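Architecture at a glance
One-letter residues, chain by chain:
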Amino acid sequence: MRASLIQIAVNEDESVEARRRRTASLVREQAGAADLVVLPELWTTGAFAFEAFDVEAEPLEGPTYEAMAKAASDAGVWLHAGSVPERAPDGHLYNTSLVLSPSGDLAAAYRKIHRFGFDKGEAVLMGAGEELVTVRLPETTLGVATCYDLRFPELFRGLVDAGAETLVVPAGWPERRRSHWTLLAQARAVENQAFVLACGTAGTHAGVPQAGHSIVVDPWGEVLAQAGGDEEVLTVEFDPARVARTREQFPALKDRMLGLPAPRR
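Residues numbered from 1 in each chain as written. Predicted model: local features only at pLDDT ≥ 70, side-chain atom pairs only at ≥ 80, totals over all residues. Heavy atoms only, no water.

As recorded by an unreviewed UniProt entry, the protein carries the name Acyltransferase and is attributed to Streptomyces ambofaciens. Under Sequence similarities (unreviewed entry), UniProt gives the following word-for-word description of the protein: "Belongs to the carbon-nitrogen hydrolase superfamily. NIT1/NIT2 family." (UniProt positions renumbered as here; feature names shortened; annotations may be inferred.)

Written out as structure tokens, the structure reads:
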């Protein structure tokens, strides 16, 4: 299976609509080169451009969905379209990820559960999601998480219990904590014996330099590929069947004693 992580640079001198057009073009360029394309978190606005969340918020199937659905269909790829500031019908805002099929259909939407900012920013401007989301592709089952979620291992355990084999994490991660980004991506891969595809933004969001360094990690924690700090398309080929082999060869997940799902009746 081939995946392309598009590490978009979000800069304030580019309009949201111009960035949508440019990103759609980058997705279309992956036709024939990737089966799965992944975009970063809040790439339309920037993860730290808090004042833009309300201004640029859109319905679930709004302009970003429409542009990315057409791009996915044109390229014939599965597209994790990163996340957008979603305005729900009741007016609440959410940081919502979209997963689109190669025909452009909405396969899944995930509202970010862990909001960053403590008592400001996303944490107070956006609502918290409540549901774990997995998406079955022909080759693998994706487990969907977003940025700050990466710090909460119990979320990823839940995704694994739901069948996830490849964990996809779009992010707008700050440069000043880049070492955590790499460390946590590897930790989530090792402890869950899964592939991790973590796609971050480049550029600067509201004065906050972004880490970039999108990364693909295998179930043993080995880094298969990692981007630099600038806008870049990181393409990697990986074998989803390695997840089952790894879990069979080193069956650590079978030795879990705490946090197990309730038995079925």
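So that's the structure; there's more coming.
Along the chain, L60 falls in the loop between helix 2 (50–56) and helix 3 (63–75). We classify L60 as partly exposed; its relative accessible area is 26%. On a C-alpha basis, the gap between L60 and L234 in space is 27 Å, while along the polypeptide they are 174 residues apart. Leave out the neighbours within four places in its chain, and L60 touches Y65, E86, T96, L98, L106 and A109. (Helix = DSSP H or I, 4+ residues; strand = E, 2+ residues; numbered from the N terminus. Buried < 20%, exposed > 50% of the residue type's maximum accessible area, 1.4 Å probe, protein only. Contact = heavy atoms within 4.5 Å.)

Between two packed helices, what matters for the description is the angle formed by their axes and the separation of those axes. It is at 10 Å that the axes of helix 5 (residues 153–161) and helix 6 (residues 178–192) come closest, and there the two elements cross at 40 degrees. In terms of orientation, helix 5 and helix 6 fall into the oblique class. Seen along the crossing, helix 5 lies across helix 6 with a hand that is right-handed. Of the residues in helix 6, those touching helix 5 at P153, F156, R157 and V160 are R188, E191 and N192. Taken together, the residues of the contact of helix 5 with helix 6 sort by class into three nonpolar, one polar and three charged. (Axes fitted to C-alpha atoms, helices over the stretch in contact; angles between N-to-C directions. Parallel < 35°, antiparallel > 145°, perpendicular 65-115°, else oblique. Left-handed = near helix turned anticlockwise from the far one by under 90°. Nonpolar A, V, L, I, M, F, W, Y, C, P; charged D, E, K, R; others polar.)

Per the counting criterion, the structure on display carries 19 salt bridges. For E58, the salt bridge is made with R20, and the minimal N-O distance between the two is 3.3 Å. Of this pair, E58 sits in the loop between helix 2 and helix 3 while R20 sits in helix 1 (residues 16–28), placing them 38 residues apart in sequence. The burial state of E58 is the same as that of R20; both residues are buried. (Salt bridge = Lys/Arg side-chain N within 4 Å of Asp/Glu carboxyl O.)

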